[in-house]
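So the chains spell out like this:
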Amino acid sequence: MTNTVSTVERPRRKRFDLMQTPMEPNRMKVEICTDHEAMSAAAARRIAREFGRDRRLLVCLATGSTPARAYELLGARARKSPALFDHLRVLKLDEWAGLPAGDPGSSEAYLRRRVVRPWGVSPRRFVGFATDSSRPRLECERIQNWLARNGPIDVCVLGLGSNGHLGFNEPGDALRPIAHRALLSEQTRAHPMVSHTVVKPKYGLTLGMAEIFQARQILLLVSGAHKRKALNRLFRGEISTQFPASFLSLHPQTTVFCDCAAAAQIK
Ligand code: GLP
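Residues numbered from 1 in each chain as written. Predicted model: local features only at pLDDT ≥ 70, side-chain atom pairs only at ≥ 80, totals over all residues.

A. Fine view of the overall build of the protein. Counting its secondary structure elements, the protein contains eight helices and 11 strands. A burial count over the protein gives 40% of its 267 residues as buried. Taking as baseline every contact in the protein between residues at least 6 positions apart, the subset at least 24 positions apart corresponds to 80%. (Helix = DSSP H or I, 4+ residues; strand = E, 2+ residues; numbered from the N terminus. Buried ≥ 20, exposed ≤ 12 C-beta atoms within 10 Å, placed from the backbone. Contact = placed C-beta atoms within 7 Å.)

B. Summary view of helix H2 (residues 68-80). For H2, built from 13 residues, the straight-helix expectation of 18 Å at 1.5 Å per residue is met to within 8% by its first-to-last C-alpha distance of 19 Å. All of the buried residues in H2 are Ala-70, Tyr-71, Leu-74 and Ala-78. One side of H2 carries all its buried residues, which in axial view fall inside an arc of 95°. Exposed positions of H2 whose direction lies more than 90 degrees from the buried face are Ala-76, Arg-79 and Lys-80. In this fold, the buried residues of H2 make contact with helix H1 (36-53), helix H3 (107-119) and strand S10 (217-222). (Expected span 1.5 Å × (residues − 1). Arc of directions from axis to C-beta.)

C. Molecular detail of the packing of H2 against H3. Interhelical geometry of H2 versus H3 gives an angle of 15° and a closest axis separation of 9 Å. What the angle tells us is that H2 and H3 run roughly parallel. Regarding H2 and H3, the two cross each other, and that crossing is left-handed. Counted together, Ala-68, Tyr-71, Glu-72, Leu-74, Gly-75 and Ala-78 of H2 and Arg-114, Val-115, Pro-118 and Trp-119 of H3 form the full contact between these two elements. A class-by-class count of the residues in the contact of H2 with H3 yields seven nonpolar, one polar and two charged. (Axes fitted to C-alpha atoms, helices over the stretch in contact; angles between N-to-C directions. Parallel < 35°, antiparallel > 145°, perpendicular 65-115°, else oblique. Left-handed = near helix turned anticlockwise from the far one by under 90°. Nonpolar A, V, L, I, M, F, W, Y, C, P; charged D, E, K, R; others polar.)

D. The arrangement of the site of the ligand in detail. In the neighbourhood of the ligand, 13 residues make up the surrounding shell, with Ala-62, Gly-64, Ser-65, Thr-66 and Gly-159 lying closest. Considered class by class, the residues forming the shell around the ligand number three nonpolar, nine polar and one charged. (Near = placed C-beta within 6 Å.)

E. A look at the pairing of strand S7 (residues 155-159). Burial analysis of S7 places five of its five residues in the buried class, which makes it a mostly covered element. Because side chains alternate across S7, one face comprises the buried residues Val-155, Val-157 and Gly-159, and the other comprises Cys-156 and Leu-158, equally buried. Relative to S7, strand S3 (residues 58-61) is paired through three bridges, and the arrangement is parallel. By the bridge assignment for S7, Cys-60 is matched with Cys-156. Taken together, the five bridges between S7 and S10 define a ladder with parallel strand orientation. The residue of S10 that forms the bridge with Leu-158 is Leu-220. (Pairing = 2+ DSSP bridges.)

F. Highlighting the sheet that holds strand S9 (residues 203-206). Taken in spatial order, the three strands make up an open sheet running S5-S9-S8, and their pairing is antiparallel. In this open sheet, the two edge strands, each paired with only one partner strand, are strand S5 (94-96) and strand S8 (180-183). Shown here is a sheet whose adjacent strand axes are inclined to one another by a mean of 30°, direction ignored. By the bridge criterion, three bridges tie S5 to S9 in an arrangement that is antiparallel. Opposite Glu-95, over in S9, you have Leu-205 as the bridge partner.

G. Here's a closer look at the environment of Arg-142. Mapped onto the elements, Arg-142 comes out in helix H4 (residues 136-150). Each C-alpha atom of the pair Arg-142 and Gly-128 lies 9.4 Å from the other, and the pair is 14 residues apart in sequence.

H. Summary view of the nonpolar core. Grouped together as the largest cluster of nonpolar side chains are 62 residues, with contacts concentrated most on Cys-60 and Val-157. Sequence-distant contacts of Val-157, that is, excluding residues within four places in its chain, are made with Ile-47, Val-59, Cys-60, Leu-61, Ala-62, Pro-67, Leu-219 and Leu-221. (Core = buried A, V, L, I, M, F, W, Y, C linked by C-beta atoms within 7 Å.)

I. Quick look at unusual backbone geometry. A cis amide bond links Gly-151 with the next residue in sequence, Pro-152, at an omega value of 0°. As for its position among the elements, Pro-152 is in the loop between H4 and S7.

J. Geometry of the environment of Gly-224. With respect to the element layout, Gly-224 can be found in the loop between S10 and helix H7 (228-234). Placed 158 residues apart in sequence, Gly-224 and Thr-66 show a C-alpha to C-alpha distance of 8.7 Å. Not counting residues up to four positions away in its chain, the partners in contact with Gly-224 are Ala-261 and Ala-262.

As structure tokens, this is what we get:
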């Protein structure tokens, strides 16, 4: 039995080729689940299925509260079936800039605690921006180069910022295609991950939109009534740099996993 309330299939293509892709509005597949637990279970099942298809797969992971339970469920799966996890490579989607190394609010600490240790990912299979880099531009170039050599991403797990951001690609007049240092919005700086810091990070390091969009598959996780407005906007069909997540409707292999609280206003 599944707690998935409904699945909406939309037309899809096998390969991402913008030149051959008619600009149909909203090609995303949507799975609406009863609550956060059911959404996490559905997302974890999908991620594990992908791990089973390709043992050397490159997975890019967001942090935040939304995917935490799905990662935990995958940790339980890793205890039962460690072989599923023993070659996969993990790439960190984004990082708060300027936090001391080991800061508990960093994406690094989050992923080490919820992914690297429980999934048994060895250090050479975990890649991501350093938190405390004194030369952020070089650090971004390092990740750009790593991804150019080792990418593209096979599965990209994303969360939805309340303002529509993906990673730290914040709303603005333009979006950046490759890894860069991003000026954070006040809303993003108020994120619970950094609520303990005296001086809130002003910048974040993030993969760029093209690097995210070259992912073969994108899984967007959205949960809670506080994400309702953003999710509703995502499905409105308008594409705007002022709402970066809206570009997901152009990606041919995106699935949105959401719960009823977030999906209440989807028409
Ligand atoms: C932060 C992270 C994003 C994450 C977003 C949503 O900004 N940098 O990667 O997707 O928050 O977080 P939450 O799931 O806690 O709402």
